[in-house]
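Breakdown of the fold
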Amino acid sequence: MVKEIRIYIEGGGDSNNTKASIRKGFGQFFQELVQLARSKNIKWQIIICGSRNNAFRDFKNALKSHPNAFKSSTRY
């Protein structure tokens, strides 16, 4: 059974403000899924990574550091 969902998103630049805006937008976009997951005690996390290289690096690192989480990567 899935206990955690992590979505890695390329984009948002290097600024915390722009990353926060992108994260908020994706949070609203996925709102129904987030609520459903949380109602089943499944942790939900959207990770805004900035550059393509950072997104790829973070996703690869997560394969090792969060082996039981469902992970997805996308470009924005």
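Residues numbered from 1 in each chain as written. Predicted model: local features only at pLDDT ≥ 70, side-chain atom pairs only at ≥ 80, totals over all residues. Heavy atoms only, no water.

1. Some thoughts on the pairing of strand 1 (residues 4-10)
- Most of strand 1 is tucked away: seven of the seven residues are buried.
- Taking every second residue as pointing to the same face, both faces of strand 1 are buried, with E4, R6, Y8 and E10 on one and I5, I7 and I9 on the other.
- The pairing of strand 1 with strand 2 (residues 43-50) spans seven bridges and is parallel. The residue bridging E4 from the neighbouring strand is K43, located in strand 2. (Buried < 20%, exposed > 50% of the residue type's maximum accessible area, 1.4 Å probe, protein only. Helix = DSSP H or I, 4+ residues; strand = E, 2+ residues; numbered from the N terminus. Pairing = 2+ DSSP bridges.)

2. A word on the environment of G50
- Within the secondary structure layout, G50 lies in strand 2.
- G50 gets classed as buried once you look at its relative accessible area, which sits at 5%.
- Among all residues touching G50, those that are not within four sequence positions of it are I9, E10, G11, G13 and K19. (Contact = heavy atoms within 4.5 Å.)

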